[in-house]
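What the coordinates show
Listed below, chain by chain, are the residues.
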Amino acid sequence: MNFLVLSLIKAALVAFVLMTTLAYLQWIERKVIAHIQLRVGPRRVGPHGLLQPLADVIKLLTKEDMLPSHVNKVFYFIAPFIAVFFALIAISVIPFGGDISIGPIKTAMQLTDLNIGVLFILGLSGMGVYGVALAGWASNNKYALLGGLRSSAQMISYELPMAMAIAAPLLMLNTLSFRQLVDAQGGFYFGIIPRWTIFQGPFPQVVSFLLFVIAAFAETNRVPFDLPEAENELVAGFHTEYSSMKFAAFFMAEYANMVTVSCVATLLFLGGWQPLFPAEYGSKFIPTLIFFFGGAICLYHGANPVRAFDRITLPVAGVVFLGIGAAFLIPIVATILLPLFWFSAKVGVILFLYIWIRGTLPRFRYDQLMNFAWTFMFPVAIANLFITGLLVALT
Amino acid sequence: MDAILFLLFAAIAVVCAINLVLQSHPISSALSLVGVMGSLAVLYLLLGGEFIAMAQLIVYAGAIMVLFIFVIMLLNAGTELKTKRHLWGMYAGVPLLLALVGVVGYIVHDVLPASGAVVFGSFQHGNPEDIGKNLFVNYLLPFEVTSVLILVAIVGAIVLARKEVD
Amino acid sequence: MPPLPIPEAAPLSWYLILSAILFVLGVAGFLFRRNIITVFMSIELMLNAVNLSFVSFSYKLKQNDGHIFSFFVMVVAAAEAAVGLAIILTVFKNRQTLEIDEVSSLKN
């Protein structure tokens, strides 16, 4: 199969999975925040609210698409496009697993492996500022303009500590291509500790990881840094004047940015698709164990459920989990699914951290936010880069 | 394929540059300049300069132009008016500029023969590793001097633009 | 439809002619516009055209020194943009105008 057709198939697959992930990420967020706040979350639309994203999509598509009369029409239209375009294109350099071969086709689980992949992601996150700034300005509205300017200034201020936190593991791993970064994190210390960047000598990059995660929260405008778009602060900030599909575009861009930044954190710091402990100690059976355990719990609670409709949904969920767990045991399928499982698990942990912090922490005031970036994170990032460089040069 | 890519992105660059000169509102000019920089980044990729292409996106399109757009939004710059003297200047200047392009084009065509096509992938030294080796070995002094230059620029910009605290 | 006479790959002279066209457009913007920010942006356009020239010649000479020159030009342009925009902000604070013809109190 020639290169173009294969790339188109991979691109369609990645786009489909990404769109479904974005929709269900919103469902997961609503459920998790609800349970943190001791309530239940959406449960009317479909079993346990699983069709809620579909209902939201239908609602956003069929809402009246207003065009306020006083906006600058050209920029009002292109701002959401710019935001979504740069957010979605960043997925094209993220590797989800190693090389796989399905029948006669050998390919890598990545759309394209640029040898400057990290710089590409940095450039795209810089260009994502335009969508926000233009949306705020084109709306011809004081609150939107203030929200847009604050949000762009926040994104730019936190790009600096983020870039320096990215540069520190690059000093140790010596490459800018994502695939080579993950390959350099393979292997194990003493046979048991994985050589992920946060564990790797000469300087375990724990500080860089924390700096990157905090800067990523600010880049994606999430709590505790979401003052520019909070509902009770600036009337919804830069997307005040947007409705229906354009608002959905900004929403999608925010979630896509979250997914991209979590993927980059996994690839740079948590070892990508490398397993947690070697295959000799049974890391191939971890996904099977987890899914079987989940399926067993679902079936156990399905025997005497609390709510009546759970008599049907819980056993179904249990059987589905047992089926997925069994799929990991088939060797041909397991070579594709295992790296994918480890990668998704690590990205899922970071996304859960995002949602957990949203339900837990209050938000920063704007001047506290900017002070934090320039007087705390920037010096710490410089010191971290300096120490890393010194230790790498000395060994 | 390389020629089609070059023609497409060269056309985008020229159209955006003409838009920059002709638009009356500074924000439209700024966004056209971002378009020029994006298409120039693709042309750098065709010429094998992948590090420079990404540096163009990160530094120029992602930081300098955002600064321009901030200043335009903060100063609330409006559209610009044209005067009579202004139009006379254009009638005299545009033919001269076209003559300049013609002369430069003729000289380039004369000196560089039509062979020597730019094939994507034939220049292999534009990757960050080779540029880093050249930069830190042969061009170390200019590198350190530019870091002092950036420090001076930061201090200057902050001093010029701060609010006077009485 | 007969095939158009487009070569397989663009010759290097086309890149240099594009650089000349962009430079001339930058000069045109610099001379004919009255808003000071647009004048500044035309200067950035001229610098970009020169960068394209540097990278093209670096391709021809098969060395990456042109890339390094281009990198330094970008750095200097960044520093210049920062200080220049700060000066523009100060001029605006004092004169409340952004037209270069109005900032003429040292004339005559």
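Predicted model, so just to flag it, every value in this text is computed and none were measured.

Let us now look at the overall build of chain C. Scanning chain C from terminus to terminus reveals three helices and zero strands. Listed by position from the N terminus, the elements making up chain C come as α-α-α. Taken over C-alpha atoms, the radius of gyration comes to 19 Å for chain C, far larger than the 13 Å a tight globule of 108 residues would show. For chain C, the C-alpha atoms occupy an extent of roughly 60 × 40 × 25 Å along the three principal directions. Per-residue burial for chain C yields a buried fraction of 52% across its 108 residues. In chain C, of all internal contacts separated by at least 6 residues, the share reaching a separation of at least 24 is 48%.

Right, let's talk about the interface of chain B and chain A for a bit. Listed per partner, the contact involves 14 residues of chain B and 15 residues of chain A. Among the elements that line the side of chain B that touches chain A, the one with the most residues is helix α3 (residues 50–75) of chain B, at twelve residues. Partitioned by chemical class, the residues of the side of chain B that touches chain A number eleven nonpolar, two polar and one charged.

This part covers the domain arrangement of chain B. All names here are of chain B. Split into domains, chain B comes out as domain 1 (2–126) and domain 2 (127–166). Distance between the C-alpha centres of domain 1 and domain 2: 25 Å. Listed by partner, the interface residues are four residues for domain 1 and four residues for domain 2. Taken together, the residues of the side of domain 1 that touches domain 2 sort by class into one nonpolar, two polar and one charged.

Turning next to the packing of helix α3 (residues 73–89) of chain A against helix α5 (residues 129–138) of chain A. Residue and element names in this part refer to chain A. Following both chains from N to C, one finds α3 and α5 inclined at 160°, their axes separated by 8 Å at the closest point. Classified by the angle their axes make, α3 and α5 are roughly antiparallel. Between α3 and α5 lies a crossing whose hand is left-handed. Residue-level inspection shows F75, Y76, A79, P80, I82 and A83 of α3 in contact with α5, the latter providing Y130, G131, V132, L134, A135, W137 and A138. Each residue belonging to the contact of α3 with α5 can be placed in one class, and the counts come to twelve nonpolar, one polar and no charged.

This paragraph deals with the interface of chain C and chain B. Between chain C and chain B, the residue contacts involve 60 residues of the former and 70 residues of the latter. Secondary-structure elements contributing two or more residues to the side of chain C that touches chain B are α1 (12–32), α2 (36–61) and α3 (65–95) of chain C. Here the side of chain C that touches chain B takes 22 residues from α3(C), the largest share from any one element. Of the residues that constitute the side of chain C that touches chain B, the class distribution is 45 nonpolar, ten polar and five charged.

Taken together, the two pairs of chains in contact show their highest number of contacts between chains B and C. Between chain A and chain C there is no contact, and the shortest C-alpha to C-alpha distance separating them is 15 Å.

The nonpolar side chains of soluble globular proteins are, as a tendency, buried together. A:A83, A:F212, A:A215, B:A30, B:M65 and C:I37 are the most contacted members of the largest nonpolar core, which has 172 residues in total. If one sorts the elements of this core by residue count, α3(B) sits on top with 17 residues. Among all residues touching A:A215, those that are not within four sequence positions of it are A:Y158, A:P161, A:M162, A:A165 and A:M377. In this structure, A:F291, A:C298, A:L314 and A:F321 belong to the second largest nonpolar core, which totals five residues.

Let us look at helix α1 (residues 3–36) of chain A. Taking 1.5 Å as the rise per residue, α1(A) with 34 residues should run 50 Å; its terminal C-alpha atoms sit 47 Å apart, in good agreement. A positive phi of about 60° marks A:L38, the residue just after α1(A).

Right, let's get into the packing of helix α10 (residues 286–303) of chain A against helix α11 (residues 310–327) of chain A. All names here are of chain A. Orientation of α10 relative to α11, taken along the N-to-C sense of each, is 160°, at an axis distance of 8 Å. Between α10 and α11, the angle is such that the two are roughly antiparallel. When you trace α10 past α11, the crossing you get is left-handed. Side by side, α10 and α11 meet where T288, F291, F292, G294, G295, C298, L299, H301 and G302 of the first sit next to D310, R311, L314, P315, A317, G318, F321, L322, I324 and G325 of the second. Looking at the contact of α10 with α11 residue by residue, the class counts come to ten nonpolar, seven polar and two charged.

Turning our attention to the pairing of strand β2 (residues 105–108) of chain A. Residues in a regular strand point their side chains to alternate faces of the sheet. Residues and elements named next belong to chain A. Looking at chain direction, strand β1 (residues 99–102) and β2 are connected through four bridges and run antiparallel. Each bridged residue has a counterpart across the sheet, and for D99 the counterpart in β2 is A108. Connecting β1 to the next strand, β2, in antiparallel fashion are two residues, including G103 with a positive phi near 65°.

For the rest of this paragraph, the subject is unusual backbone geometry. Residues other than glycine predominantly adopt negative phi, and peptide bonds predominantly adopt the trans conformation. Residue and element names in this part refer to chain A. Although it is not a glycine, H48 sits at a positive phi angle of roughly 55°. Looking at where H48 falls in the secondary structure, it is placed in the loop between α1 and α2 (52–62). Take H48: there are 20 C-beta atoms within 10 Å of it, and that puts it in the buried class. Positive phi, close to 55°, is recorded for N221, a residue that is not glycine. Here N221 is to be found in the loop between α8 (206–219) and α9 (244–269).

For the rest of this paragraph, the subject is the confidence of the model for chain B. This prediction gives chain B a mean pLDDT of 88; 93% of its residues lie at or above 70. Averaged pLDDT values over the elements of chain B bottom out at 82 in helix α4 (residues 84–111) of chain B and peak at 94 in helix α2 (residues 26–46) of chain B.

A separate point is the environment of A:I121. Residue and element names in this part refer to chain A. Inspection of the secondary structure puts I121 in helix α4 (residues 117–127). Look at I121 and you get buried, because 25 C-beta atoms sit within 10 Å. Expressed as a C-alpha distance, the spacing of I121 and I89, which sit 32 residues apart in the sequence, is 9.2 Å. When sequence neighbours within four positions are dropped, the list of residues in contact with I121 reads A90, V93 and V264.

On to the environment of C:A86. Along the polypeptide, C:A86 turns up in helix α3. The exposure class of C:A86 is partly exposed, given the 19 C-beta atoms found within 10 Å. Each residue touching C:A86, except ones within four places of it in the same chain, is listed here: B:G156, B:A157, B:L160 and B:A161.

Criteria and cut-off values
Residues numbered from 1 in each chain as written. Chains lettered and ligands numbered in written order. Predicted model: local features only at pLDDT ≥ 70, side-chain atom pairs only at ≥ 80, totals over all residues. Helix = DSSP H or I, 4+ residues; strand = E, 2+ residues; numbered from the N terminus. Rg over C-alpha atoms; globule rule 2.2 N^0.38 Å. Buried ≥ 20, exposed ≤ 12 C-beta atoms within 10 Å, placed from the backbone. Contact = placed C-beta atoms within 7 Å. Nonpolar A, V, L, I, M, F, W, Y, C, P; charged D, E, K, R; others polar. Domains from an automatic or database assignment. Axes fitted to C-alpha atoms, helices over the stretch in contact; angles between N-to-C directions. Parallel < 35°, antiparallel > 145°, perpendicular 65-115°, else oblique. Left-handed = near helix turned anticlockwise from the far one by under 90°. Core = buried A, V, L, I, M, F, W, Y, C linked by C-beta atoms within 7 Å. Expected span 1.5 Å × (residues − 1). Pairing = 2+ DSSP bridges. pLDDT = per-residue confidence, 0-100.

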